[in-house]
Amino acid sequence: MPGPKRAVSVGSPEPGQEPDGGPTSGAEADAIDGEHMRPLLADVGGSQAWVSNESMVVIAPSDEGWDAVFAIRCPSRRAFLDIARSERYRATVHHRTTAGADSRLMLTEVDED
């Protein structure tokens, strides 16, 4: 039986600028994004499963690297999509955009048996 859904996101933060004009580093914007995401995840029974500030990409183009990798846990695909479609998320998603020069988001099912 498929287990909980996980979203795995990888990002390459660089200094950015918030939409209100206030400068921030990619790391600062990423931290703000995390502060906003934790309660949204908790509301649907989700959580941050793990985070890594360093990674070594083994199979990828030589110019592609990631500064951060994290995984979140959601009880279902619908729960994840409910977060992504919520007004609360849309009001803060600009922090995620500011945080990274590039990113990937993968939704996976994990069999935890």
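Residues numbered from 1 in each chain as written. Predicted model: local features only at pLDDT ≥ 70, side-chain atom pairs only at ≥ 80, totals over all residues. Heavy atoms only, no water.

**A short note on the overall build of the protein chain**
Within the protein chain, the secondary structure is distributed over four helices and six strands. Ordering the α and β elements of the protein chain from the N terminus gives β-β-β-α-β-β-α-α-α-β. Summarising the internal contacts of the protein chain: among those between residues at least 6 apart in sequence, 73% fall at separations of at least 24. For the protein chain, the computed accessible surface area is about 7100 Å², with 53% contributed by carbon and sulfur atoms. (Helix = DSSP H or I, 4+ residues; strand = E, 2+ residues; numbered from the N terminus. Contact = heavy atoms within 4.5 Å. Areas by Shrake-Rupley, 256 points an atom, 1.4 Å probe, with all protein chains shown as cover.)

**What about the layout of surface pockets?**
Empty space among the atoms becomes apparent when a probe as large as a water molecule is rolled across them. The volume enclosed by the largest pocket comes to roughly 240 Å³. In terms of lining residues, the largest pocket is bounded by D30, D33, G34, M37, R38, L41, Q48, V51, N53, F70, I72 and R96. Residue assignment for the lining of the largest pocket shows that the elements contributing at least two residues are α1 (26-43), β4 (47-52) and β5 (68-74). Residue composition of the lining of the largest pocket, grouped by class: five nonpolar, three polar and four charged. (1 Å grid on protein atoms, 1.4 Å probe; cavity = no way out; pocket = protein on both sides within 12 Å on 5 of 7 lines; lining within 4 Å. Points joined across faces, edges and corners; volume = space filled by probe spheres on them. Nonpolar A, V, L, I, M, F, W, Y, C, P; charged D, E, K, R; others polar.)

**Some remarks on the environment of R88**
Among the secondary structure elements, R88 is positioned in helix α3 (residues 87-90). On the basis of relative accessible area, R88 is assigned to the partly exposed category, the value being 45%. Residues R88 and H36, spaced 52 residues apart in sequence, show a C-alpha to C-alpha distance of 8.7 Å. Non-local contacts of R88, meaning those with residues more than four positions away in its chain, are made with P39, L40 and D43. A polar side-chain atom of R88 sits 2.5 Å from a polar atom in the side chain of D43. (Buried < 20%, exposed > 50% of the residue type's maximum accessible area, 1.4 Å probe, protein only. Polar contact = N/O pair within 3.5 Å; in protein donor to acceptor, adjacent residues only side chain to side chain.)

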